[in-house]
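Observations on the three-dimensional arrangement
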Amino acid sequence: MTDARKNWIANLPKDRLIGEFSVWSADLLRLADDLSRVDPYVDVLHIDVADGHFAPAMLFFPDLVAGIRKISARPIHVHLMVADNILLSQIEQFADAGSDLISIHLENEAVADAALDLLERRGVAAGMVLKVETPVSQVGKYVARLNFLTLLGTAIGVKGQGLDERASDRLVEAKRLIDTSGATHRIVLAADGGIREHTVPLLRQAGAETVVLGSLAFNAPSLQQRMAWLHAL
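The text that follows walks through the structure, step by step, so that each part is easy to find. (Residues numbered from 1 in each chain as written. Predicted model: local features only at pLDDT ≥ 70, side-chain atom pairs only at ≥ 80, totals over all residues. Heavy atoms only, no water.)

**Looking at the pattern of salt bridges**
Pairing is possible between side chains that carry opposite charge, provided their charged atoms lie close to one another. As a reminder, the rule being used: Should a side-chain nitrogen of Lys or Arg be within 4 Å of a carboxyl oxygen of Asp or Glu, the pair is scored as a salt bridge. Numbering of helices and strands runs from the N terminus; a helix is a DSSP stretch of H or I covering at least four residues, while a strand is a stretch of E covering at least two. Throughout this description, buried means an accessible area under 20% of the type-specific maximum (1.4 Å probe, protein chains only), exposed means over 50%, and partly exposed covers the range between.
Scanning all chains against the criterion turns up 14 salt bridges. As a salt-bridge pair, D43 and R16 come within 2.9 Å of each other at their nearest N and O atoms. Taken as a pair, D43 in the loop between α2 (31-38) and β2 (44-51) and R16 in the loop between α1 (7-10) and β1 (18-22) lie far apart in primary sequence, 27 residues in all. For D43, a relative accessible area of 14% translates into the label buried. Measuring nitrogen to oxygen at the nearest pair gives 3.5 Å for the salt bridge that ties E197 to R226. A residue pair is termed long-range when its members are at least 10 positions apart, and E197 in the loop between β8 (188-192) and α7 (200-205) and R226 in helix α9 (residues 223-232) qualify at 29 residues. According to the relative accessible area criterion, E197 is partly exposed, its value standing at 48%. Relative accessible area serves as the criterion here: at 15%, R226 is assigned to the buried category.

**Concerning the packing of α2 against helix α3 (residues 62-71)**
How two helices pack is summed up by the angle between their axes together with the distance between the axes. Defined as follows: As a rule, the C-alpha atoms of each element are fitted with a line to give its axis, helices using only the stretch in contact, and angles between N-to-C directions run from 0 to 180 degrees. Here is the rule for angles: anything less than 35 degrees is roughly parallel, anything more than 145 is roughly antiparallel, 65 through 115 is roughly perpendicular, and the remaining ranges are oblique. Handedness of each helix crossing follows the sense of rotation of the near helix against the far helix: counterclockwise by less than a right angle gives left-handed, clockwise gives right-handed. Any pair of residues with heavy atoms lying within 4.5 Å of one another is described as a contacting pair.
Direction vectors running N to C along α2 and α3 enclose 50°, while the axes themselves pass 11 Å from each other. The angle between α2 and α3 places the two elements in the oblique class. Viewed along their axes, α2 and α3 form a crossing whose handedness is right-handed. Here α2 contributes L31, A32 and L35 to the contact with α3, which in turn contributes L64, I68 and I71.

**Let's talk about helix α5 (residues 109-122)**
Rules: To estimate how far a helix should extend, the number of its residues minus one is multiplied by 1.5 Å.
An ideal rise of 1.5 Å per residue puts 20 Å on 14 residues; α5 measures up with 20 Å between its terminal C-alpha atoms. Among all positions in α5, only V111, A112, A115, L116, L118 and L119 are buried. Looking at the buried positions of α5, the neighbouring elements they touch are α4 (84-96), β5 (101-105) and β6 (125-130). Downstream of α5 by one or two residues, G123 has phi in the positive range, about 70°.

**Some thoughts on the layout of surface pockets**
To keep things clear, this is the line we draw: In this analysis a 1.4 Å probe is tested at points of a 1 Å grid over the protein atoms alone, and where it fits but cannot get out there is a cavity; an open set with protein on both sides within 12 Å along at least five of seven lines is a pocket; lining residues have an atom within 4 Å of a point. Grid points are joined across faces, edges and corners, and a volume is the space filled by probe spheres set on the points. Three classes are used, and their members are as follows: Ala, Val, Leu, Ile, Met, Phe, Trp, Tyr, Cys and Pro are nonpolar, Asp, Glu, Lys and Arg are charged, and the others, Gly among them, are polar.
Here the largest pocket defines a volume of roughly 440 Å³. Lining of the largest pocket is provided by 26 residues; of these, W24, V158, K159, D192 and G193 occupy positions nearest its centre. For the lining of the largest pocket, the elements supplying multiple residues, two or more each, are β4 (76-81), β9 (210-213) and α8 (215-218). Its residues assigned to classes, the lining of the largest pocket comprises ten nonpolar, twelve polar and four charged.

**Quick look at α2**
Here is the rule we go by: For this quantity, the arc is that covered by the directions from the helix axis to the C-beta atoms.
All buried positions along α2 are accounted for by L31, D34, L35 and V38. All buried residues of α2 lie within an arc of 100° about the axis, which places them on one face of the element. In α2, those exposed residues whose orientation departs by more than 90 degrees from the buried face are D33 and S36. Looking at the buried side of α2, the elements it contacts are β1, β2, α3, α8 and α9.

**Regarding the pairing of β4**
Counted only if it meets this: In this analysis, strands are considered paired if DSSP registers two or more bridges between them. Here is how to tell: hold the view so the strands point away, follow the path from the first strand over the helix to the second, and if it runs clockwise the crossover is right-handed.
Along β4, six of the six residues are buried, which leaves the element largely enclosed by surrounding structure. Side chains of β4 alternate between two faces, with I76, V78 and L80 and H77, H79 and M81 buried alike. Where β2 and β4 come together, six bridges link them in parallel fashion. Residue pairing for β4: H46 is matched across the bridge by H77. Bridge count between β4 and β5: three bridges; the pairing is parallel. Each bridged residue has a counterpart across the sheet, and for H79 the counterpart in β5 is S103. Between β4 and its parallel partner β5, the chain crosses via α4, and the hand of that crossover is right-handed.

**Comments concerning the pairing of β8**
In terms of burial, β8 is a largely internal element, five of the five residues being buried. The two faces of β8 match: V188, A190 and D192 on one face and L189 and A191 on the other face are all buried. Pairing of strand β7 (residues 148-152) with β8, which is carried by five bridges, proceeds in the parallel orientation. For L152, the partnering residue across the bridge sits in β8 and is D192. Crossover β7 to β8 through helix α6 (residues 167-179) is right-handed. Remark: the β8/α7/β9 crossover connection has right-handed handedness.

The structure is reproduced here in structure tokens:
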């Protein structure tokens, strides 16, 4: 992976948890101000996209990403939760909008190879996300093509759920797949969903290099103290 647009992943922190902030938890009425407030602590901005079919939510759109791209120099990670028949067109639109990393779902397997090929042609880093009920072993054939591998710890597209009890074991299995993939580039292991003060240490211990921070960051009484705690894990 030598493309210049992917080098930022190799340069993400290795000695602490990466700060991946979910825009879904920001103050959407004052988005620019809220992103400016958290910017000193952000390593990656995470933007969820859902079509109301693949996931129950309906979430963000390319113009929003293009707008955020104008006000933030942070890498933008777009998580696509969309049906197979629109996945490739969504990749094109979000690549055009300025995404640095686009994650598709393993459950989009019917078009996954075409999607990863498209991301490679567009020079956008590739990620893959697994629903909490999907066996981790099924991602093995794709791992070497990825830059990020994200495991959901809750049901897809729904806020406020508790962490699934299998989350830590699934991360350990995913870390093993990454370590044995033969890839020569960095593949970041991420946890998304059920991110709370009592769960983050468990996810970190299981191998997560980043957790997708929502209210834990945006609603922290002191973001500086919260991030100091996170970085010390």
